[in-house]
Amino acid sequence: MAKFLALSLVISSLFIGLGSAEWNILTQRWRKGVELEDNLKNYCESWRINVELNNIRGFGVVPQECVNHVKKYMTSSQYKADSVRAVEEVRLYLSGCCTLKGDGKDSWIFDIDETLLSTIPYYKKHGFGGEKLNATSLEAWMKQSKAPALDHTLELFHEIKNRGINIFLISSRKENLRSPTVDNLVKVGYHGWASLTFRGLDDELLEVKKYHSKVRQQLVDEGYRIWGIVGDQWSSFDGLPMAKRTFKLPNSIYYVA
């Protein structure tokens with residue numbers, strides 16, 4: 001009996017040892033997997049933030065290892081919360097910034113894509129920034145006038161307009177997209193802007209930031225005071241003349257220079 005008990009203890013100890021060793025190995029592997037996943041997440045979030053800060057410029061595509069991360073962000077409640085916070089900062093600025101003269105020369109500028117309208121439905125089907133842009137494909141989608149409004153900027157648009165401020169829309173879209181863009185804007189609730197500018201043939205030879213700067217100069221030359229700009233690209237703000245304030249909305253999918 002004693003021998004049987006001793007043998008049983010030896011066998012039990014052996015299996016416990018094997019079980020413990022297997023568990024430790026699995027745990028170690030799991031921890032390594034989590035560490036790698038965390039490192040990738042941190043890398044991709046750092047890349048995204050530095051895009052927003054304009055430290056990373058001129059990228060043609062989102063790094064392949066970060067496409068899923070960017071997709072998750074741009075379709076998340078955090079993206080919406082970040083956008084809403086930017087809009088709240090505009091409201092805060094407007095509450096005390098501007099002494100409107102009522103002479104019809106107070107103005108505000110909005111970009112269109114990822115500012116008033118969202119092209120995310122298109123990018124969901126085209127690699128979410130991980131594929132090189134096919135301009136022909138994107139323009140064909142834009143001609144369908146199906147881009148949804150960004151609700152937070154739709155509300156802001158009307159709030160600014162109702163203050164008696166002229167709204168100027170400056171788009172990087174080409175002039176041949178005017179009709180479907182206007183249809184799209186009106187369909188989702190935008191109306192009452194002062195003018196809508198697209199890139200003509202001559203403008204297509206300019207860098208986008210120089211094109212935006214040129215249009216702003218025309219407004220200033222006509223006597224308009226530009227109280228602010230809302231856009232998703234730094235090229236909407238760069239150059240002279242500058243608005244009194246600029247407000248950047250998040251966009252990690254593409255970069256327009």
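Up top you'll find the structure we're talking about.
To start, this report covers the structure provided alongside it. (Residues numbered from 1 in each chain as written. Predicted model: local features only at pLDDT ≥ 70, side-chain atom pairs only at ≥ 80, totals over all residues. Heavy atoms only, no water.)

Quick look at helix H3 (residues 77–94)
End to end, H3 covers 26 Å across 18 residues, agreeing with the expected 26 Å (1.5 Å per residue, within 8%). Buried within H3 we find Tyr79, Ser83, Ala86, Val87, Val90, Tyr93 and Leu94. For H3, the angular spread of buried residues about the axis comes to 115°, placing them on one side. What points out from H3, more than 90 degrees from its buried face, is the exposed set Ser77, Arg85 and Leu92. Contacts from the buried residues of H3 go to helix H2 (67–74), strand S1 (106–110), helix H4 (120–124), helix H6 (151–162), strand S4 (225–231) and strand S5 (246–248). Capping of H3 at its N-terminal end is provided by Ser76; its side-chain oxygen lies 3.2 Å from the backbone amide nitrogen of Gln78. (Helix = DSSP H or I, 4+ residues; strand = E, 2+ residues; numbered from the N terminus. Expected span 1.5 Å × (residues − 1). Buried < 20%, exposed > 50% of the residue type's maximum accessible area, 1.4 Å probe, protein only. Arc of directions from axis to C-beta. Contact = heavy atoms within 4.5 Å. Polar contact = N/O pair within 3.5 Å; in protein donor to acceptor, adjacent residues only side chain to side chain.)

Side note on the nonpolar core
Ranked by internal contacts, the top residues of the largest apolar core, which has 50 residues, are Trp108, Phe110, Ile160, Leu169, Leu185 and Tyr190. Aside from chain neighbours lying at most four places away, what touches Leu169 is Phe110, Leu116, Phe157, Leu185, Trp193, Ser195, Leu196 and Thr197. Counting 11 residues, the second largest nonpolar core, distinct from the first, contains Ile109, Val215, Leu219 and Ile226. (Core = buried A, V, L, I, M, F, W, Y, C linked by side-chain atoms within 4.5 Å.)

What to know about the pattern of salt bridges
Inspection of the entire model under this criterion finds 13 salt bridges. Salt-bridge contacts for Arg85 lead to Glu89; the nearest nitrogen and oxygen are separated by 3.1 Å. Placement of the pair is Arg85 and Glu89 together in helix H3, with a separation of four residues, close to one helical turn. Residue Arg85 is classed as exposed on the basis of its relative accessible area of 55%. Residue Glu89 is classed as partly exposed on the basis of its relative accessible area, which comes to 29%. Where Glu159 meets Arg91, a salt bridge forms, and the shortest distance between an N and an O atom there is 2.7 Å. On the criterion of sequence distance, the pair formed by Glu159 in helix H6 and Arg91 in helix H3 is long-range, its members being 68 residues apart. (Salt bridge = Lys/Arg side-chain N within 4 Å of Asp/Glu carboxyl O.)

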